[in-house]
Amino acid sequence: MEIKLWINGKLIKDNVEPDTPMLEYLRSKGCYSVKRGCETSNCGLCTVWLEDKPILSCTLPLMRADGKHITTLEGLQSEAEEFGAFLADEGAEQCGFCNSGFIMNVLAMKRELNDPTEEEIKEYLTGNLCRCTGYVGQLRAIKKYLKSVKGDLGNE
Amino acid sequence: MLRCNDYIFAESLDEAYALNRKKSAAIVGGCGWLKLGSRQWGSVIDLSRLGLDKITETDEAFTIGAMVTLRDIEKHEGLNAYTNGAIKESVRHIVGTQFRNTVTVGGSIFGRFGFSDVLTVFMVTDSFVELYKGGVIPLHEFAKLHYDDDILVNVIVKKNPLKMAYSSFRNQQTDFPVLTFAHAFREDGAFSVIGARPSRAELKRDEENILKDIFSKSQDEVIEAINAYALWISSQYTYESNLRASADYRRHIAEVLARRTVTAIVDKG
């Protein structure tokens, strides 16, 4: 089937099988940040943005993205690097396998929620699983990151 | 994994209905359920270009399109003001933000899943489904029907005055619920819905009038009435065992959730 979509701002016209999974397609286009960590829509590793909303690329069929814009971590490099530094400073992660989907959802949360409480942060990110940690370091990193971003805005 | 020979964006409900009459066809909502199967489908029919992704609010009702996501109803101010936040409470424990941005109200309601928080919460309101061929029928009636090839177009919630609350019990966060409970005081009576027993949610009315005039009773009378109601309503349903909980455990949880949920409504006044 013919499909036209934008991946990280780049227009792609392609011919695909009707049941192509969005996740594997994105990987075939070089977006290796997008990973399959489970088979049951539970882990959040495959998080990408469809029209700027975080969704599960393991779940939505690729065809649903026809005519739409997908953003992956590859398209948010500088922002990801900035937040990644906070994660590193807090020693938040061990293996790092889950962090690409996690960062995608943190950056979506930053856009969607204004000054979230700890409970709101936890609720927004509860669909991102990490099996190495207890999420405490991540939470510290997020709070410091959001504070820093807000400070930047305040100085503008 | 979703497997299909053809993926079709329906250009009209008429076309979608005609295509869906084939046994090998399926309508795709957010694909959260279809992707868990291993069946090879002929045609998968996508309704996302029919403008069904909107919530319309009038003085009389909310009309929720089949392709509205669970995240949309979670964030809808009018719907949550009307249901005293029960809609948000019913979906916020479902997997995660990304999942709720992905899956749809139409998929949840048409599926009539035994585990459904969404079916439970809508059923306790004066709600209807609009089917392409079957017309508008009460949700609690629709929930009893077998699957057919009709198409769910909208979920309609009539804005009759009510006071309601929702609660669920999960063994752990974001898992399927062990039990779901919704209660509403409506002009036509007090209603409860218990779901995830683990079968489809069912609506029951306080036929014994145990909660009659509850808002004008003394505190001791309120406690007595709610305890009696919790015992009564939880005994009106059948429960079964599965890997999450036993039937006896569910019956016990039903009584606890009934007591807590009704108390929460009455305490608010």
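Note that the coordinates shown come from a computational prediction; the quantities given were computed from them, not determined experimentally.

Caption draft 1: Structural context of the overall build of chain B. Per the secondary structure count, chain B includes 10 helices and 12 strands. Within chain B, the proportion of its 269 residues that are buried is 55%. Relative to all contacts within chain B whose residues are 6 or more apart in sequence, the contacts with residues 24 or more apart total 61%. Surface exposure of chain B reaches about 11,800 Å², of which carbon and sulfur atoms provide 49%. Of the charged side chains in chain B, 33 are positive and 35 negative; the average position of the first set lies 5 Å away from that of the second.

Caption draft 2: Structural context of the nonpolar core. Residue and element names in this part refer to chain B. Of all hydrophobic cores here, the largest spans 83 residues; its most connected members are Ile73, Ile109 and Phe122. Looking at which element gives the most residues to this core, the answer is helix 7 (residues 117–123), with 5 residues. Those residues in contact with isoleucine 109 that lie beyond four places of it in its chain are Val118, Leu119, Phe122, Val129, Leu139, Phe142, Leu152 and Val155. Counting residues in each nonpolar core, the second largest holds 26 residues, with Ala165, Ala190, Ile210 and Ala258 among its members.

Caption draft 3: Structural view of the interface of chain B and chain A. Listed by partner, the interface residues are 33 residues for chain B and 29 residues for chain A. Where chain B abuts chain A, roughly 2,500 Å² becomes buried across the two surfaces, and 50% of that area is made up of carbon and sulfur atoms. For the chain B face of the interface with chain A, the top three residues by lost area are B:Tyr7, B:Lys35 and B:Gln98, together amounting to 26%. One can count 6 salt bridges joining chain B with chain A.

Caption draft 4: Looking closely at the domain arrangement of chain B. Residues and elements named next belong to chain B. Splitting chain B by domain gives domain 1 (3–46), domain 2 (55–158) and domain 3 (162–268). Counting each side, the surface lost to burial between domain 1 and domain 2 is near 1,100 Å², with a carbon and sulfur contribution of 71%. In terms of surface lost to domain 2, no three residues of domain 1 exceed Leu13, Tyr17 and Trp33, which account for 47% of the buried area on that side. Between domain 1 and domain 2 we count 1 salt bridge in total. With a shortest N-O distance of 3.6 Å, arginine 21 and aspartate 149 are connected by a salt bridge. Inspection of the domain 1/domain 2 interface yields 2 residue pairs in polar contact (both at pLDDT 80 or more). Of all elements in the fold, only helix 1 (13–20) and strand 2 (26–28) reach the threshold of two or more residues within the side of domain 1 that touches domain 2. Its residues assigned to classes, the side of domain 1 that touches domain 2 comprises 6 nonpolar, 4 polar and 2 charged.

Caption draft 5: Highlighting the packing of helix 9 (residues 219–234) of chain B against helix 10 (residues 247–268) of chain B. Residues and elements named next belong to chain B. Close contact between helix 9 and helix 10 brings their axes to 8 Å; oriented N to C, the two are set at 140°. Between helix 9 and helix 10 lies a crossing whose hand is right-handed. Facing Val222, Ile226, Asn227, Tyr229, Ala230, Leu231, Ile233 and Ser234 of helix 9, the residues of helix 10 in contact are Arg251, Ala254, Glu255, Ala258, Arg259, Val262, Thr263 and Val266.

Caption draft 6: Seen up close, the sheet that holds strand 7 (residues 135–138) of chain B. All names here are of chain B. The strand order across the open sheet formed by 5 strands is 4-5-8-6-7, and the pairing between neighbours is antiparallel. Looking at the sheet topology across the chains shown, the edges are occupied by strand 4 (55–57) and strand 7. Neighbour to neighbour, the strand axes of the sheet diverge by 20° on average, direction disregarded. As defined by bridge partners, strand 5 (residues 61–65) adjoins strand 8 (residues 152–158) across 5 bridges and the pair is classed as antiparallel. Within the sheet, the bridge partner assigned to isoleucine 64 lies in strand 8 and is valine 155.

What counts as what
Residues numbered from 1 in each chain as written. Chains lettered and ligands numbered in written order. Predicted model: local features only at pLDDT ≥ 70, side-chain atom pairs only at ≥ 80, totals over all residues. Heavy atoms only, no water. Helix = DSSP H or I, 4+ residues; strand = E, 2+ residues; numbered from the N terminus. Buried < 20%, exposed > 50% of the residue type's maximum accessible area, 1.4 Å probe, protein only. Contact = heavy atoms within 4.5 Å. Areas by Shrake-Rupley, 256 points an atom, 1.4 Å probe, with all protein chains shown as cover. Lys, Arg positive; Asp, Glu negative; His and termini not counted. Charge placed at Lys NZ, Arg CZ, Asp CG, Glu CD. Core = buried A, V, L, I, M, F, W, Y, C linked by side-chain atoms within 4.5 Å. Buried area = accessible area lost by both parts, 1.4 Å probe. Salt bridge = Lys/Arg side-chain N within 4 Å of Asp/Glu carboxyl O. Domains from an automatic or database assignment. Polar contact = N/O pair within 3.5 Å; in protein donor to acceptor, adjacent residues only side chain to side chain. Nonpolar A, V, L, I, M, F, W, Y, C, P; charged D, E, K, R; others polar. Axes fitted to C-alpha atoms, helices over the stretch in contact; angles between N-to-C directions. Left-handed = near helix turned anticlockwise from the far one by under 90°. Pairing = 2+ DSSP bridges.

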